[in-house]
Amino acid sequence: MKAYFADHLVLQEPDNGRIWALGKETMPALVEAPEDVMLEALSQLPADPLDECIYTASRNWSLSLDPACLDMTVSFGTRIVRVRCWHRVLSLALGDMLSPYSVEGRAETTLDLLVEDGKSALFKDGQFILEVRRVSWSPIIRLLAKELNGNINVAAVLHAAAVFFPGFGTVLLTAPTGAGKTTLTCGLISIGGRLLAEDATPIERGTGLAWPCPLPLSLKSGSWQIVSEILGADLSDLPIRGVGSRRIRFLPSPKDIDLNMGYPVRMILFPQWSKGENSKVRRLDPMQALSRLQDCGTWPVDDAKNLPDFLEWLEPLPCFSLSYGTTNGGLQIIKSLMQLRGD
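Residues numbered from 1 in each chain as written. Predicted model: local features only at pLDDT ≥ 70, side-chain atom pairs only at ≥ 80, totals over all residues. Heavy atoms only, no water.

**Quick look at the overall build of the chain**
Here is step 1: Looking only at helices and strands, the chain features nine helices and 20 strands.
Here is step 2: Counting across all 343 residues of the chain, residues that qualify as buried make up 54%.
Here is step 3: Put simply, of all contacts in the chain between residues at least 6 apart along the chain, 69% involve residues at least 24 apart. (Helix = DSSP H or I, 4+ residues; strand = E, 2+ residues; numbered from the N terminus. Buried < 20%, exposed > 50% of the residue type's maximum accessible area, 1.4 Å probe, protein only. Contact = heavy atoms within 4.5 Å.)

**Considering the side chain of Thr170**
Here is step 1: Relative to the elements of secondary structure, Thr170 occurs in strand E12 (residues 169-173).
Here is step 2: The buried category is assigned to Thr170, whose relative accessible area is 0%.
Here is step 3: Those residues in contact with Thr170 that lie beyond four places of it in its chain are Ala162, Val163, Phe164, Leu196, Tyr263, Pro264, Val265, Arg266 and Met267.

**Points about the sheet that holds strand E11 (residues 161-165)**
Here is step 1: Pairing within the open sheet is mixed, and its six strands lie in the order E13-E11-E12-E18-E20-E19. The strands lining the two open edges of the sheet, one partner per strand, are strand E13 (194-197) and strand E19 (280-284). Going from strand to strand, the sheet's axes swing by 30° on average, the running direction of each strand aside.
Here is step 2: Along the sheet, helix H5 (residues 181-190) contacts E11, E12, E13, strand E18 (265-273) and strand E20 (319-324); its crossing angle with E11, the most-contacted strand, is approximately 15°. (Pairing = 2+ DSSP bridges. Axes fitted to C-alpha atoms, helices over the stretch in contact; angles between N-to-C directions.)

In structure tokens, the structure reads:
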């Protein structure tokens, strides 16, 4: 699938998720070529996929016949999804994330997460969907964000927190793991924001609205003290989960939003915390924003046919890089941006 975006031609390879952005000044012959010719030529270039997911399996995956470590049905109120996982450590973490929305009832679809040889595979209703080349819960959370909002057509699921401010709209924060996104999200909640999503934000096709996926906040050990101070919350009773080298607590999100509606997006922020850093912000052009989304670890579009809609939504959206050394410094800049955008 291809689409034009900010004077570039953007292509998504269907099998491995690689994204290519071609400018007419860099590869003029390919820009005018048929799509199959372009993809064939690009496939010969020495490049690693920008998306961690691949849509063709590297091995012969099959669902386990053993009882799953996690077998839970969850719902946001309109659609019930069954979630199963056979990896003990990931199951404990997923159980903490999903337990606030655990329900009894017959599921409309089943999502399964398998882990073998350091790779994770995602299945939907018994069919292989994709593979990730590491041990990770992110594939099942991304698809769950879509399935629990099954009444809408989802163009993309961003690896992003979404915080809604009444009278303004939604601020999206997206960044690689360890950039301080969750701590800054807690700061936005402390100044009146309402959490729509902590890590996976579905964007509706056509309307561009952000839909809720308010799973608990994933707090790494280095943020426990500051988050406790920001939110005035006692985290000591929350269980600690060891996921690889990380120690994580899951803080249930506030239930102060309507889960059955979408929310307009006003801006995307790409935050990066660095101790002692002076707070500064920079407006990104559309191609810079697209590149930053790729750098955040997971390409938002899992169905190439949605690529044109996603890019049409992204191109006019104000996007900013934000560097900050303290949460208060970062919040001051965000409030200033919101004030400017609200005028």
